[in-house]
Amino acid sequence: MIRWLSFLFATLIISGTLKAQEAVFPRFASLRSDTVYMRSGPGERFPIEWVYKRKGFPVIITDSFEHWHKVQDVENTQGWIHKTMLSGKRTALTPQNEKTILYKKKNLNSKHLAYFNGQSIIQLLECFPHDIFCKVKYNELKGYILKEKLFGLFKNEEIDE
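Help me understand the layout of surface pockets in this model?
Unoccupied space between atoms shows up once a probe the size of one water molecule is rolled over them. Volume-wise, the second largest pocket comes out at about 250 Å³. Surrounding the second largest pocket, 14 residues form its lining, Gly56, Lys89, Thr91, Ile121 and Gln123 being those nearest its centre. Of all elements in the fold, only strand E1 (27-31), strand E11 (121-127) and strand E12 (133-138) reach the threshold of two or more residues within the lining of the second largest pocket. A total of three residues in the lining of the second largest pocket trace back to one element, the largest contributor, which is E11. Grouping the constituent residues of the lining of the second largest pocket by class yields four nonpolar, six polar and four charged.

Whenever I open this one, the environment of Pro47 confuses me. Can you help?
Its place among the elements puts Pro47 in the loop between strand E2 (36-39) and strand E3 (48-52). With 10 residues separating them along the chain, Pro47 and Tyr37 place their C-alpha atoms 9.5 Å apart. Residue contacts for Pro47: discarding those within four places in its chain leaves Met38, Arg39 and Ser40.

What exactly am I supposed to notice about the packing of aromatic side chains here?
Centre-to-centre distance and the angle between the planes together describe a pair of aromatic rings. Tallied over the entire structure, the rule returns six aromatic pairs. Geometrically, the ring pair formed by Tyr52 and Phe57 is tilted, given 5.5 Å between the ring centres and 35° between the ring planes. Residue classification places Phe57 among the buried positions, given a relative accessible area of 7%. A connected cluster of aromatic rings, assembled from ring pairs, spans Phe28, Phe151 and Phe154.

When you look at the environment of Leu125 in this model, what are you seeing that I'm missing?
Its place among the elements puts Leu125 in strand E11. A residue is classified by how much of its surface remains accessible, and Leu125, at 12% relative accessible area, is buried. Here the alpha-carbon distance between Leu125 and Val136, two residues 11 residues apart in the chain, equals 5.1 Å.

Is there a simple way to think about the state of the cysteines in this case?
Here, the word disulfide means a covalent bond between the sulfur atoms of two cysteines. This structure, assessed with the given rule, holds one disulfide. Residue pairing for Cys127: its cysteine sulfur links by disulfide to Cys134, the two sulfurs lying 2.0 Å apart. Given an S-S torsion of about 130°, the disulfide between Cys127 and Cys134 has right-handed geometry. A single burial state applies to Cys127 and to Cys134, both of which are buried.

Would you mind going over the pairing of E12 with me for this structure?
A regular strand places its side chains so that they alternate between the two faces of the sheet. Direction of pairing for E11 relative to E12: antiparallel, over a ladder of four bridges. Its bridge partner being in E12, Glu126 is matched across the sheet by Lys135. The hairpin turn running from E11 into E12, its antiparallel successor, is five residues long. Taking the residues that link successive antiparallel strands as the turn, the E12-strand E13 (residues 141-146) hairpin has two residues, and the phi of Asn139 there is positive, at about 55°.

Here is what the cut-offs are and how they apply
- Residues numbered from 1 in each chain as written.
- Predicted model: local features only at pLDDT ≥ 70, side-chain atom pairs only at ≥ 80, totals over all residues.
- Heavy atoms only, no water.
- 1 Å grid on protein atoms, 1.4 Å probe; cavity = no way out; pocket = protein on both sides within 12 Å on 5 of 7 lines; lining within 4 Å.
- Points joined across faces, edges and corners; volume = space filled by probe spheres on them.
- Helix = DSSP H or I, 4+ residues; strand = E, 2+ residues; numbered from the N terminus.
- Nonpolar A, V, L, I, M, F, W, Y, C, P; charged D, E, K, R; others polar.
- Contact = heavy atoms within 4.5 Å.
- Phe/Tyr/Trp six-rings, centres within 6.5 Å; stacked < 30°, edge-to-face > 60°.
- Buried < 20%, exposed > 50% of the residue type's maximum accessible area, 1.4 Å probe, protein only.
- Disulfide = S-S within 2.5 Å.
- Pairing = 2+ DSSP bridges.

Set out below in structure tokens:
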């Protein structure tokens, strides 16, 4: 009986923690599919305002209503996306109009593994508040990008995937 009550109590704490994390705003998410509709309001009766065509594209969740999340993208476009079309997988965008370097190590003098000349979607692996770099993955390449170049994380956020 005591074991069963302990299990029940632990389950309630864990589920409450997960629901509490889910309700934190703002937070980043990424698009789950290659085609995702952004609507003017939280429901299918609202018109489609924007169609995203990039799986993994990062957005900021700013609010929630039932099964819908209000989001904002890198260009500050805002609207509502059904929660099933969003993923917790952490991604980021490189800047549209400037060259971004993927370094082999966390050092500005490190070997350059790749250059990004437009908005590329990269996977975030590690970012720590005290570092100027984030560890990222692009296709099969892993390396480091200056944190200030990325849209997809908050200034003092820690990511350790």
